[in-house]
Amino acid sequence: MHAVEEWIARTFSTRWVSEFQVAMAHQPCGCVIATHEKKVIGFACFDATARGFIGPMGVDPEQRLGGVGKALLITALEQMRAMGYGYAIIGGTGPQDFYARTVGATVIDGSDPGIYADILPEPR
Ligand SMILES: CC(C)(COP(=O)(O)OP(=O)(O)OC[C@H]1O[C@@H](n2cnc3c(N)ncnc32)[C@H](O)[C@@H]1OP(=O)(O)O)[C@@H](O)C(=O)NCCC(=O)NCCS
């Protein structure tokens, strides 16, 4: 966890570290990671921000567009299906085209900001 937390903070944000910690605080844990040559290059969380939600997820900038994000997303969704979920909600999507292209995700009308309203700013 420490190694992944340090990488998420350095590559993305401390806010995503908080969500990763929640995903890792239950069993079975709600995070899949990708590694290459003993280094973390990607992660995808689920059941972190809210139950049934997937995200945050991210891939190292130098490793993007190589299929790692799609593999992480589908692996996380398969784990959710094994846990009994029939559908998953992609929270705070960011690049919606990535999710539409990889898993056929569609926008839920009126869902922005949804549960992400009134978030505290990142600490300095
Ligand atoms: C979004 C992200 C996870 C994609 O990871 P990736 O490893 O580059 O994605 P993949 O290589 O698996 O791409 C799979 C497909 O989606 C497409 N794609 C990738 N990023 C895309 C984007 N930003 N917008 C639209 N399509 C995208 C690829 O071209 C590929 O299409 P293809 O199968 O037709 O060739 C990565 O760009 C990232 O970490 N972004 C910053 C963090 C972020 O926004 N996370 C999501 C919000 S929580």
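Owing to the predicted nature of the structure, the values given are computational and were not obtained by experimental measurement.

Novice: A description of the pattern of salt bridges should follow, citing residues and the corresponding values.
Specialist: Enumeration over the complete set of coordinates arrives at one salt bridge. The residue Glu 6 makes a salt bridge to Arg 10 at a minimum N-O spacing of 2.8 Å. Here Glu 6 pairs with Arg 10, and both are found in helix α1 (residues 2-11), just four residues apart, close to one helical turn. What makes Glu 6 partly exposed here is its relative accessible area of 43%. The class for Arg 10 is exposed, based on a relative accessible area of 56%.

Novice: I'd like a rundown of the site of the ligand, residues and numbers included.
Specialist: Taken together, the neighbourhood of the ligand is formed by 21 residues, with Val 59, Leu 65, Gly 67, Gly 69 and Lys 70 sitting nearest. At a separation of 2.7 Å, an oxygen atom of the ligand approaches a polar backbone atom of Leu 65. Interatomic distance of 2.8 Å between a backbone N/O atom of Gly 67 and an oxygen atom of the ligand. Protein chains shield 73% of the accessible area of the ligand, which is 900 Å² for the free molecule. Mapped onto the shell around the ligand, the elements with two or more residues apiece are β3 (53-59), α3 (68-82) and α4 (96-103).

Novice: Please set out the side chain of Asp 47 residue by residue, giving values where relevant.
Specialist: Along the chain, Asp 47 falls in the loop between β2 (39-46) and β3. The side chain of Asp 47 is buried and forms no salt bridge, while Arg 51, the nearest opposite charge, is found at 6.1 Å. Only 2.9 Å separates the side chain of Asp 47 from the side chain of Tyr 85, close enough to count as a polar contact. If sequence neighbours within four positions are ignored, Asp 47 has contacts with Val 22, Ala 23, His 26, Gly 52, Phe 53, Met 80, Met 83 and Tyr 85.

Novice: Just give me the short version of the packing of α1 against helix α2 (residues 14-23), but keep the residues and values in it.
Specialist: Here α1 crosses α2 at 150°, and the two axes come no closer than 8 Å. Our classification of the angle between α1 and α2 gives roughly antiparallel. Once α1 is placed against α2, the crossing between them reads as right-handed. In this structure, α1 uses Val 4, Glu 5, Ile 8 and Ala 9 to contact α2, whose residues at the interface are Trp 16, Val 17, Phe 20 and Gln 21. A class-by-class count of the residues in the contact of α1 with α2 yields six nonpolar, one polar and one charged.

Reading guide: rules and limits
Residues numbered from 1 in each chain as written. Predicted model: local features only at pLDDT ≥ 70, side-chain atom pairs only at ≥ 80, totals over all residues. Heavy atoms only, no water. Salt bridge = Lys/Arg side-chain N within 4 Å of Asp/Glu carboxyl O. Helix = DSSP H or I, 4+ residues; strand = E, 2+ residues; numbered from the N terminus. Buried < 20%, exposed > 50% of the residue type's maximum accessible area, 1.4 Å probe, protein only. Near = heavy atom within 4 Å. Polar contact = N/O pair within 3.5 Å; in protein donor to acceptor, adjacent residues only side chain to side chain. Areas by Shrake-Rupley, 256 points an atom, 1.4 Å probe, with all protein chains shown as cover. Lys, Arg positive; Asp, Glu negative; His and termini not counted. Contact = heavy atoms within 4.5 Å. Axes fitted to C-alpha atoms, helices over the stretch in contact; angles between N-to-C directions. Parallel < 35°, antiparallel > 145°, perpendicular 65-115°, else oblique. Left-handed = near helix turned anticlockwise from the far one by under 90°. Nonpolar A, V, L, I, M, F, W, Y, C, P; charged D, E, K, R; others polar.

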